[in-house]
Amino acid sequence: MVPKSISLSQEPKGLIIEWDDGHKGTLSFTLLRQSCPCALCKGEKMPLDPDPLKLPSFPNLPSSAFEAKEMFKVGNYAIGFRWGDGHDTGIYTFEYLRRLSPE
């Protein structure tokens, strides 16, 4: 799947994607931030972690963490975001975004 268009929306707050198969949907910033695919957010284990199955615990994120300040292209296969809390390491592939998209 390849997006025909991607745009940020402030009302409703989210990412609007129109796909090449005709599907169009909005992914909320909250869903996108909570679904960040980076190693830190997905719980990559730390070196020498005594319990390799233990996921890291994070304090509650501030509300600014759910504000997309910037969206940027990653090659021809993904996009990334700079969130209000400064986080910017998640690479959201088009395939991953399509799986997140409501049908």
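A short tour of the structure in this document, coming up. Keep in mind the model is a prediction, meaning the values are calculated, not measured.

Looking only at helices and strands, one finds three helices and six strands in the protein chain. If you list the helices and strands of the protein chain from N to C, you get β-β-β-α-α-β-β-β-α. Taking contacts inside the protein chain between residues at least 6 apart in sequence as the whole, the part at least 24 apart equals 36%. With the model as given, the accessible surface of the protein chain reaches about 6700 Å², and the carbon-plus-sulfur share is 55%.

This paragraph deals with the packing of aromatic side chains. In total, this model carries four aromatic pairs according to the counting rule given. Ring centres of Phe 81 and Trp 83 lie 5.0 Å apart, and the angle between their planes is 35 degrees; on these two criteria the pair is classed as tilted. Residue classification places Phe 81 among the buried residues on the basis of a relative accessible area of 1%. For the pair Phe 81 and Tyr 92, a centre-to-centre distance of 5.2 Å together with 85 degrees between the ring planes defines the contact as edge-to-face. Linking Phe 81 in strand β5 (residues 78-83) with Tyr 92 in strand β6 (residues 92-93), this pair joins segments that are eleven residues apart in sequence. Since its relative accessible area comes to 0%, Tyr 92 is described here as buried. Members of the aromatic cluster, each reached through a chain of ring pairs, are Phe 29, Phe 81, Trp 83, Tyr 92 and Tyr 96.

Pairing is antiparallel across the open sheet formed by three strands, whose spatial order is β4-β5-β6. In this open sheet, the two edge strands, each paired with only one partner strand, are β4 (68-74) and β6. As paired strands, β5 and β6 are joined by two bridges and run antiparallel to one another. Each residue of the ladder has a partner; that of Ile 79, found in β6, is Tyr 92.

In this fold, Ser 35 is placed in the loop between α1 (29-34) and α2 (39-42). The class for Ser 35 is buried, based on a relative accessible area of 10%. For Ser 35, the residues in contact, after removing those within four places along its chain, are Lys 42, Tyr 92, Tyr 96 and Leu 100.

Before going further, it helps to examine the nonpolar core. In terms of nonpolar packing, the biggest core is built from 16 residues, with Leu 15, Leu 32, Ile 79, Phe 81, Trp 83, Tyr 92 and Leu 97 touching the most fellow members. Every element with two or more residues in this core is listed here: β2 (13-19), α1, β5 and α3 (94-100). The contact partners of Trp 83, leaving out residues within four places of it in the chain, are Phe 29, Leu 32, Arg 33, Ser 64, Ala 65, Phe 66, Glu 67, Ala 68, Lys 69 and Tyr 92.

Time to look at the pairing of strand β1 (residues 3-10). Here seven bridges tie β1 to β2, and the two strands are oriented antiparallel to one another. Its bridge partner lying in β2, Gln 10 is registered against Lys 13.

The next thing to look at is the pattern of salt bridges. Charged atoms that come close allow side chains of opposite charge to pair. Tallied over the full model, the rule gives seven salt bridges. Across the pair Glu 18 and Lys 4 runs a salt bridge whose closest N-O atoms are separated by 3.7 Å. Of this pair, Glu 18 sits in strand β2 while Lys 4 sits in strand β1, placing them 14 residues apart in sequence. Accessibility expressed as a relative area gives 26% for Glu 18, which makes it partly exposed. One network of salt bridges, in which partners are shared, links Glu 70, Arg 82 and Asp 88.

Rules and cut-offs
- Residues numbered from 1 in each chain as written.
- Predicted model: local features only at pLDDT ≥ 70, side-chain atom pairs only at ≥ 80, totals over all residues.
- Heavy atoms only, no water.
- Helix = DSSP H or I, 4+ residues; strand = E, 2+ residues; numbered from the N terminus.
- Contact = heavy atoms within 4.5 Å.
- Areas by Shrake-Rupley, 256 points an atom, 1.4 Å probe, with all protein chains shown as cover.
- Phe/Tyr/Trp six-rings, centres within 6.5 Å; stacked < 30°, edge-to-face > 60°.
- Buried < 20%, exposed > 50% of the residue type's maximum accessible area, 1.4 Å probe, protein only.
- Pairing = 2+ DSSP bridges.
- Core = buried A, V, L, I, M, F, W, Y, C linked by side-chain atoms within 4.5 Å.
- Salt bridge = Lys/Arg side-chain N within 4 Å of Asp/Glu carboxyl O.

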